[in-house]
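Chain and residue survey
Letter by letter, the chains look like this.
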Amino acid sequence: MYPSARVRRAVEQLRTVREHWGSLLVAIEAAPTAEWPPAQLSTHLARQAADEVELLVGDRAPLTLRQHPAPANLDALDAALRVESLLFDLADTLAAAAQRPIGRRLVSSPGRPAVWTVDEVDAGDPRRWTYRSPTDPGSRRHGLHWAAVWVEGRLLDEDTEPEQHAGAHSRGPALFGLLPEHLQHEAVRVAGQCERLVLVALQLDARSTGIGRPCPWCAAELTLHTDPHGAPRVTCPTGPSCPAPTGADKYGRRTWRAAELVELLATLDDGPRIERAA
Ligand SMILES: [Zn+2]
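A brief look at the structure comes next.

1. Thoughts on the packing of aromatic side chains
Tallied over the entire structure, the rule returns four aromatic pairs. Between the aromatic rings of phenylalanine 88 and tryptophan 129, the centroid separation amounts to 6.3 Å while the plane-to-plane angle is 40°, which identifies the pairing as tilted. Placement of the pair is phenylalanine 88 in helix α4 (residues 74–98) and tryptophan 129 in the loop between α5 (120–123) and α6 (143–155), with a sequence separation of 41 residues. Residue phenylalanine 88 shares its accessibility class with tryptophan 129, and that shared class is buried. Their ring planes at 45° and their centres at 5.7 Å tell us that tryptophan 129 and tryptophan 150 sit as a pair that is tilted. Within this pair, whereas tryptophan 129 is found in the loop between α5 and α6, its partner tryptophan 150 is found in helix α6, the two being separated by 21 residues in sequence. Classification of tryptophan 150 by relative accessible area gives buried; the value is 1%. Connected via pairs of aromatic rings, a cluster forms that spans Phe88, Trp129, Trp150 and Phe176. Against the face of tryptophan 150 rests arginine 154, its NZ or CZ located 4.8 Å from the ring centre.

Okay, structure coming up:
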């Protein structure tokens, strides 16, 4: 069945969380700065590099299992730990309700009565979410990415058709059942909450901020607009009378985006600042 609009939105939100996870891990190790350039922009401009950063960071071990001797950015660490715990707990809850229990097999050996044992193949199915125990982190060991992908699979009703089991002659029960409505609702809610936590921690939520630098053409203070679903842009509040050689937005404000924005930033790097009243 085609997923509903709210499920599709939640899936997008989970993907946003995964896409920004590398940036958030990097942010934990970097001291937050209120200085130039604005954090939102440096994060955005470094975005293309973020995937590489994550590969370099290499291990996707969850934060809860890592040592953080001296995290430089406590807000980022708080947000990341919160997101992990929300998603891991959600996966536990969904698995308890919608994941088929591990099968048992009747094993007989000559001269002994047959006994039921855990079906190791079924237990080791990599699609399963495994719970943690006091000695084993279970699926948590694979980190946030896997938890987000797994929850996405449940939202999209993946692997809910009867399937062929190893050694069986007929199709057996599916690995997952459809999520009951209240749990689908819960998954949608948690996905939105995680996306907000990540975007706010990276200051990539939708916001407009004065950047403390004057427009090089008219000296009005420039404003930075960020939105998680679009590229950042900078506008000059003066309107059409500002002679800056760039296009205008629908309000007539001179607007810098993409390559123009990179150029503008370079110009502003060495330019004057707006003095603010203390
Ligand atoms: Zn201007």
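2. Looking at the coordination of the zinc ion
Protein ligation of the zinc ion involves Cys215 (SG), Cys218 (SG), Cys236 (SG) and Cys242 (SG), the donor distances falling in the range 2.3 Å. Taken together, the four donor atoms coordinating the zinc ion and their angles of 93 to 119° define a geometry best described as tetrahedral.

3. A short note on the packing of helix α1 (residues 5–28) against α6
Across the interface, α1 lies against α6 with an axial gap of 10 Å and an inter-helix angle of 170°. As summarised for this structure, α1 and α6 are arranged roughly antiparallel, according to the angle between their axes. Each of Val7, Ala10, Val11, Leu14, Arg15, Val17, Arg18 and Trp21 in α1 lies in contact with α6, whose residues at this interface are Leu144, His145, Ala148, Val149, Val151, Glu152 and Leu155.

4. A word on unusual backbone geometry
Among all residues save glycine, negative phi is the norm, and among peptide bonds the norm is trans. For aspartate 157, which is not glycine, the phi dihedral falls at a positive 55°. Inspection of the secondary structure assignment puts aspartate 157 in the loop between α6 and β3 (163–164). Judged by relative accessible area, aspartate 157 falls into the partly exposed class, the value being 27%.

5. Things to note about the nonpolar core
The nonpolar side chains of a soluble globular protein tend to be buried, and buried together. Counting 43 residues, the largest nonpolar core has Trp21, Leu87, Leu94, Trp150, Val151 and Leu155 as the members making the most contacts within it. Looking at this core, the elements with two or more residues in it are α1, α4, α6 and α7 (181–201). Here this core gets twelve residues from one element, more than from any other, and that element is α4. With residues up to four places along the chain from it excluded, the contact list for leucine 155 reads Val7, Ala10, Val11, Leu14, Leu179, Gln184, Ala187 and Val188. Listed in part, the 15 residues of the second largest apolar core include Ile211, Leu224, Cys236 and Ala244.

Cut-offs applied
In this convention, every chain numbers its residues from 1, walking through the sequence in written order. The predicted nature of this model means local features are confined to residues of pLDDT at least 70 and side-chain atom pairs, given and counted, to a pLDDT of 80 or more, with totals for whole chains, interfaces and linings taken over all residues. Side-chain metrics rest on all non-hydrogen atoms present in the structure, leaving aside hydrogens and water. Classification of ring pairs rests on two measures: the distance between centres of Phe, Tyr or Trp rings, Trp counted by its six-membered ring, which must be within 6.5 Å, and the angle between planes, read as stacked under 30 degrees, edge-to-face over 60 and tilted in between. Helix and strand assignments come from DSSP, with helices taken as H or I runs of at least 4 residues and strands as E runs of at least 2, each series counted from the N terminus. When accessible area is computed with a 1.4 Å probe and restricted to protein chains, residues below 20% of their type maximum are described as buried, those above 50% as exposed, and intermediate ones as partly exposed. Ring-over charges, as used throughout, are those where CZ of Arg or NZ of Lys falls within 6 Å of the ring centre and within 35 degrees of the ring normal. In this listing, donors mean N, O and S atoms no farther than 2.8 Å from the metal, or 3.2 Å for Na, K and Ca; water is missing from the atoms, so a site can look incomplete. Under this scheme a four-donor centre is tetrahedral when all angles range from 85 to 135 degrees, a four-donor centre is square planar and a six-donor centre octahedral when opposite donors are above 155 degrees with the rest from 65 to 115, and any other centre is irregular. Where helices are involved, their axes are fitted lines through C-alpha atoms of the stretch in contact, as for all axes, and angles between N-to-C directions lie from 0 to 180°. Throughout, the term roughly parallel applies to angles under 35 degrees, roughly antiparallel to angles over 145, roughly perpendicular to angles from 65 to 115, and oblique to all others. By definition, residues are in contact when any of their heavy atoms lie within 4.5 Å. Residues belong to a common nonpolar core when they are buried Ala, Val, Leu, Ile, Met, Phe, Trp, Tyr or Cys residues joined through side-chain atoms within 4.5 Å.

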